[in-house]
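Structural characterization, general
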Amino acid sequence: MNVKTASVLPLGGLETGPRERGRDEEIYRSLYTAIVEHHLAPGARLPEDALAESFGISRTGIRKVLRRLAHERLIELAPNRGATVAQPSVQEAREVFAARRIVECAALTEIGREPPPVAALDELKRIVAAETDAQARGDKREAIHLSGLFHLRVLALADNRPLSDFLGQLVSRTSLVIAMYGTPLAAGCNRCRHEQLIELLAAGDTAAAARWMDEHLREIEAGCAFAESEPQATDLKRIFAEIAKRPRSEV
């Protein structure tokens, strides 16, 4: 089974007809990917006219997608200013990490004492290998994405869909936090650290796994340098053209 490298997206679609909904979803995925993979920096402006031209649709269609992203707190919509990529404050950033510790540590205790299926553990190992390869290639965006994917797949072992959906949103917001405040330490998870968690899960020691997760997330938070930065200019056409060329899955 291949490791999918397309970003893990929150559930739910836009309330439109089948054809229009499919196009909306495609645009949403492109914008979502551009944000969580740091192609669009926090604070970057998202002009409706430029987006409409980039995707070849009306500004009305773009507004529907922007409202969905604003609901997920990935962008901000302000009167007379339009849309910008969200800029989490230091307090919001710390709250995101606190929420992740609560969700992920609690979920690990729900997995049970029996080791997860071998296939699930093998998938986690493949994600770690892909993450290590991305780090070796200096592909920071891919490494961050795969780190988030690893955490999502671990939580999926608890077989609790609402928790998984909530963590998906928290992982997306963590990406914004790292884009604003991240250092090399916060930009991705260390391979040997993730391998330690797999070993604990394979042994059925979920209590130790929960303690490991708490420490791990605190390390990532400690690796952030909480200081403000100025948004950079962006080339929307180039970003979305590059994303559109990608295959749906890799690795």
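In the block above lies the structure referred to throughout.
In this report, we go over the structure that sits alongside the text.

How each quantity is defined
- Residues numbered from 1 in each chain as written.
- Predicted model: local features only at pLDDT ≥ 70, side-chain atom pairs only at ≥ 80, totals over all residues.
- Heavy atoms only, no water.
- Helix = DSSP H or I, 4+ residues; strand = E, 2+ residues; numbered from the N terminus.
- Buried < 20%, exposed > 50% of the residue type's maximum accessible area, 1.4 Å probe, protein only.
- Contact = heavy atoms within 4.5 Å.
- Areas by Shrake-Rupley, 256 points an atom, 1.4 Å probe, with all protein chains shown as cover.
- Axes fitted to C-alpha atoms, helices over the stretch in contact; angles between N-to-C directions.
- Left-handed = near helix turned anticlockwise from the far one by under 90°.
- Nonpolar A, V, L, I, M, F, W, Y, C, P; charged D, E, K, R; others polar.
- Parallel < 35°, antiparallel > 145°, perpendicular 65-115°, else oblique.
- Core = buried A, V, L, I, M, F, W, Y, C linked by side-chain atoms within 4.5 Å.
- Pairing = 2+ DSSP bridges.
- Salt bridge = Lys/Arg side-chain N within 4 Å of Asp/Glu carboxyl O.

So, on to the overall build of the protein chain. The secondary structure content of the protein chain amounts to 10 helices and 3 strands. For the protein chain, buried positions account for 47% of its 251 residues. The contacts of the protein chain with a sequence gap of at least 6 include a subset with a gap of at least 24, amounting to 77%. Just so you have it, the protein chain exposes about 12,600 Å², and 50% of that area is on carbon and sulfur atoms.

Attention now moves to the packing of helix 4 (residues 90-110) against helix 7 (residues 161-181). It is at 9 Å that the axes of helix 4 and helix 7 come closest, and there the two elements cross at 145°. For the pair helix 4 and helix 7, the crossing hand works out as left-handed. Mapping the contact onto sequence places Val 90, Ala 93, Val 96, Phe 97, Ala 99, Arg 100, Val 103, Glu 104 and Ala 107 in helix 4 and Leu 163, Phe 166, Leu 167, Leu 170, Val 171, Arg 173, Thr 174, Val 177 and Tyr 181 in helix 7. The class makeup of the residues in the contact of helix 4 with helix 7 is 14 nonpolar, 1 polar and 3 charged.

Between helix 2 (residues 48-55) and helix 3 (residues 59-71), the shortest axis-to-axis distance is 9 Å and the interhelical angle comes to 105°. Taken as axis vectors, helix 2 and helix 3 run roughly perpendicular relative to one another. Within the contact between the two elements, helix 2 uses Glu 48, Asp 49, Leu 51, Ala 52 and Phe 55 and helix 3 uses Arg 59, Ile 62, Arg 63 and Leu 66. A class-by-class count of the residues in the contact of helix 2 with helix 3 yields 5 nonpolar, no polar and 4 charged.

Another aspect to go through is the nonpolar core. By size, the foremost hydrophobic cluster in this structure holds 38 residues, and its most contacted members are Leu 108, Phe 150, Leu 197 and Leu 201. Only helix 4, helix 5 (118-136), helix 6 (140-156), helix 7, helix 8 (191-202) and helix 9 (206-222) provide two or more residues apiece to this core. By size, the runner-up hydrophobic cluster in this structure holds 27 residues, among which are Leu 31, Ala 44, Ile 62 and Leu 176.

Let us look at the pairing of strand 3 (residues 82-85). Across 2 bridges, strand 1 (residues 45-46) lies against strand 3 in antiparallel orientation. Directly across from Leu 46, in strand 3, lies its bridge partner Ala 83. Looking at chain direction, strand 2 (residues 75-78) and strand 3 are connected through 4 bridges and run antiparallel. Looking at strand 3, one finds that Glu 76 is bridged to Thr 84. Counted between consecutive antiparallel strands, the loop separating strand 2 from strand 3 contains 3 residues, among which Asn 80 sits at a positive phi close to 65°.

What follows deals with the sheet that holds strand 2. The strand order across the open sheet built from 3 strands is 1-3-2, with neighbouring strands paired in antiparallel fashion. The two strands at the open ends of the sheet, each matched to only one other strand, are strand 1 and strand 2.

Before going further, it helps to spend a moment on the pattern of salt bridges. Taken as a whole, this structure holds 18 salt bridges when the rule is applied. Note that Glu 221 and Arg 101 form a salt bridge whose closest N and O atoms lie 2.9 Å from each other. Of the two residues, Glu 221 sits in helix 9 while Arg 101 sits in helix 4, which places them 120 residues apart along the sequence. Assessed through its relative accessible area of 10%, Glu 221 is described here as buried.

This paragraph deals with the environment of Leu 200. Turning to its location among the elements, Leu 200 is positioned in helix 8. Apart from residues lying up to four places away in sequence, Leu 200 is in contact with Asp 205, Ala 208, Ala 209 and Trp 212.

With respect to the element layout, Ser 147 can be found in helix 6. The class for Ser 147 is buried, based on a relative accessible area of 7%. Considered as a pair, Ser 147 and Thr 132 are 15 residues apart in the sequence and their alpha carbons are 9.7 Å apart.

Let's shift gears to unusual backbone geometry. Phi angles above zero are rare outside glycine, and Asn 80 is one such case at about 65°. Position of Asn 80 relative to the elements: it lies in the loop between strand 2 and strand 3. Residue class for Asn 80 comes out exposed when judged on its relative accessible area of 89%. With a phi angle near 55°, Asp 159 is a residue other than glycine that sits in the positive phi range. With respect to the secondary-structure elements, Asp 159 resides in the loop between helix 6 and helix 7.

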